[in-house]
Each structure stands twice: as structure tokens, then as C-alpha cells.
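Breakdown of the fold
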Amino acid sequence: MNENLKDIQLIERILAGETSAYRALVQRHKDFAFTVAYRILNHREEAEEAAQDAFLQAFGALKEFNQTAKFTTWFYRIVFNAALGAKRRQKPTEGITEINALAYAVTDTQQSLHKKERIKNIQQAMKQLSADDVTMITLFYLREQSLEEIAEITGISAETIKVKLHRARKRLADTLRKQLGEEVNNLY
Amino acid sequence: MQQPNDDELFEILDGSATEELRQRHQYWLETDTAYCEYFIELSQLHNDLETIHLESPSMAFENNVIRQWASEKSRSTRTMLAKWVPFVFISMMLILTLVGVSILGETQSTSLWTEQLQSWDQTLNPTLVQQVLLPFNAVLFLLIAERILRKRLNRQP
């Protein structure tokens, strides 16, 4: 079944008063909501709070959701705004200190150690990018959102998103190169 | 032939490059080792990003959301009730007063119920009842209105 149709059916059940459908909707989108918030905030507890806040806001506004639209685009916009709001309230030093919480979910048995190491480096490098850059990369890669959908989520034009995405990836590549260079230097 | 820039390289990786760009890219791949190495680096990053999976929140996340939503819903229900209770109370008091005043004010009646009321009427002075009930309601109304206004004023920055 079409993923959006599943969401719409869950929303209809919620609006009909079926409380178990709330849980089902959370189960479907919690990982993405958390990942976006975590990438922006770099802090697990704050990311959980922001994701929870996004769900509560979405539940409260479900009656106003236009069911002909794509639920994820509408919901991810709420998540994005909740995370940015939390980022604005965040103290400057928070998040940077949290290095141990890397939950890079690569299937252990299939991926090589080398690949794991690369993914870990990417995630470290992403922590040094701006919230804007991280959001572009996260939305583009994690859920394969089209440029138009990312534009709707972030409230920026698709053309600008394309440019921002290119620049974000370029900055990520540069940061990664710099980071690896430092690691090599530290070996000698 | 112009070497593809970074934006164009990402277009190649995203699969949105034109035929002309692809040919240009192929030419540089075959002729320039540095370009080839740079493209492999970006390509590897692109592939790695595609394989990064979503992260998961704590096990309690789901329950926390549901619990918070339930408490928020009950809070909003309570707020709505609290908002309407004073008005319902005032309306009921007003209706009761009006009904009481109109029944007590009637002089001609034959029903048993009104006879009973008339017998009470003899013991109760209707003017006194009106004088007590109406000011009592007025005071109640003013107290509730004052409370609502104070809350609204406190909310203003």
C-alpha cells in the first residue's frame, strides 16, 4: 500500500476517535523525527524532546491537516520547526560535548569495518556543519525527499534548496577531508 | 573542454545531468587523474550518505509521547469546562430567578402546585425574595466576571 495512504488511514482512525492509531503513527515516524532533530541539535535528550513536541503539535493540528496533501511533508515541516526552535533556545556549548552517542545504524553483519569507520567519520563531520546544511543532507538522503518536498518543508524555493544541498555536500566533503587529514597527522 | 564544477558533479551523482555534461565528465575521467580521484571521493561520500540509516530514540519515546498527549488532552478538556462553567452557572441562576419571580408574581391560579406555592407565598414575602436573590446573583456574577478579567489581564505581557 502507498505509504501516504497508510498515514491518511491512520489519521482517519484518529479523527474517528481510535486512540490506538496515535501509537501507530508515532511508530511509523518516530525514527525520522528523532533523526532530523538529533542532526540539528546534536543532543539526544533535547532531540527527543523536540521530536515529542513535534508529535504533540501534529496531533493537536490533525483536524486542520489537508488529507489530499502528503502527510510526511506536513509533519516533517513541524519537526523541522520544532528542532530549529529548540536549537535557538540551546546554549552554545551544548551538543558539541556529546561525542559518545553515535548511533550509526549500519547493519553489523554485512558492512565492513572500513565502511563503519567512514560512516562514523561522516557523522562526526556532520556535527561540525550548520543546522541548515545538516537539514538539507538529512532530508535529501534519509527519506529520499524530492527537492520540491524539501522546499515545502523548509519554506525555501526548490532552486535555492538545490544550491544549498550542493554547498552542504561540498562543505561536508571538505570537513571530512580536513578531519581525516588531522587524524593522519596525529598518527605521526 | 571545460571541466565539470562541483555543482555539476553533484548533478551527475544525483542522476540529473544532461547528456552533454555526462560526455564532458567521461572525457575528464579518462584524461585527468586528479579529477578522477576527486570524483571517486565525492561519489563515495554520496554512496555512504545513502546508506546511513535513521537513528532511533529511546525505548520510552513512544510511551512518553502517548502519555504527554493524553495529559494534554485532559488538560484542554478541563480548561474548556472551566471556561464554560461560570456562564452555565450564571444562566441557570438567572433562569431560576426569572421562573421563581414569575410564579410568585402570579395572583390567579387554580392548580394544586400554584396553591402550594401560594401557601408558601403567604409565609414568604416575594419582594423580600426578589431583594435577596437578585443582589445575590449580581454579586456572584460580578465575582466571576472579575476573576475572568483578572486572568486575562495577568496573561497580557
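Residues numbered from 1 in each chain as written. Chains lettered and ligands numbered in written order. Predicted model: local features only at pLDDT ≥ 70, side-chain atom pairs only at ≥ 80, totals over all residues. Heavy atoms only, no water.

Before going further, it helps to examine the overall build of chain B. Secondary structure summary: chain B contains 6 helices and 0 strands in total. Ordering the α and β elements of chain B from the N terminus gives α-α-α-α-α-α. (Helix = DSSP H or I, 4+ residues; strand = E, 2+ residues; numbered from the N terminus.)

Counting secondary structure elements, chain A contains 8 helices and 0 strands. Secondary structure elements of chain A occur, N-terminal to C-terminal, as α-α-α-α-α-α-α-α. Within chain A, residue pairs in contact and separated by at least 24 positions form 65% of the contacts whose partners lie at least 6 positions apart. (Contact = heavy atoms within 4.5 Å.)

Once that is clear, we can look at the nonpolar core. In terms of nonpolar packing, the biggest core is built from 74 residues, with Phe 59, Phe 75 and Leu 172 of chain A together with Leu 49 of chain B touching the most fellow members. The element best represented in this core is helix H2 (residues 20-41) of chain A, accounting for 12 residues. Not counting the four nearest positions on each side in its chain, Phe 59 of chain A is found in contact with Tyr 22, Leu 25 and Val 26 of chain A together with Val 65 and Trp 69 of chain B. (Core = buried A, V, L, I, M, F, W, Y, C linked by side-chain atoms within 4.5 Å. Buried < 20%, exposed > 50% of the residue type's maximum accessible area, 1.4 Å probe, protein only.)

Now for the packing of helix H2 (residues 19-31) of chain B against helix H3 (residues 33-51) of chain B. All names here are of chain B. Two elements in contact, H2 and H3, have axes separated by 6 Å at closest approach and are oriented at 115°. Classified by the interaxial angle, the pair formed by H2 and H3 is roughly perpendicular. Classified by chirality, the crossing of H3 by H2 is left-handed. Residues His 25, Trp 28, Leu 29 and Thr 31 of H2 pack against Thr 33, Tyr 35, Cys 36 and Phe 39 of H3. (Axes fitted to C-alpha atoms, helices over the stretch in contact; angles between N-to-C directions. Parallel < 35°, antiparallel > 145°, perpendicular 65-115°, else oblique. Left-handed = near helix turned anticlockwise from the far one by under 90°.)

The next subject is the interface of chain B and chain A. Each side of the interface is counted separately: chain B has 33 residues, and chain A has 42 residues. Applying the counting criterion to the chain B and chain A interface returns 9 salt bridges. Linking chain B to chain A there are 16 residue pairs in polar contact (both at pLDDT 80 or more). Secondary structure elements with two or more residues in the side of chain B that touches chain A: helix H1 (6-14), H3 and helix H4 (61-105) of chain B. Sort the elements by how many residues they give to the side of chain B that touches chain A and H3 of chain B lands first, with 11 residues. For the side of chain B that touches chain A, the residue count by class is 12 nonpolar, 10 polar and 11 charged. (Salt bridge = Lys/Arg side-chain N within 4 Å of Asp/Glu carboxyl O. Polar contact = N/O pair within 3.5 Å; in protein donor to acceptor, adjacent residues only side chain to side chain. Nonpolar A, V, L, I, M, F, W, Y, C, P; charged D, E, K, R; others polar.)

The next point concerns the confidence of the model for chain A. All names here are of chain A. Residues at a pLDDT of 70 or more form 84% of chain A, whose mean pLDDT is 82. Across chain A, the secondary-structure element scoring lowest on mean pLDDT is helix H5 (residues 113-126), at 82, and the one scoring highest is helix H3 (residues 44-61), at 93. Contacts from residues 94-107, a stretch scored under 50 in pLDDT, to residues over four places away or in other chains number 28 contacts. (pLDDT = per-residue confidence, 0-100.)

Take the packing of helix H6 (residues 131-142) of chain A against helix H7 (residues 147-154) of chain A next. All names here are of chain A. Across the interface, H6 lies against H7 with an axial gap of 10 Å and an inter-helix angle of 135°. Looking at the two axes, H6 sits oblique to H7. For the pair H6 and H7, the sense of crossing is right-handed. Every residue of H7 that contacts H6 at Met 136, Leu 139 and Phe 140 is listed here: Leu 147, Ile 150, Ile 153 and Thr 154.

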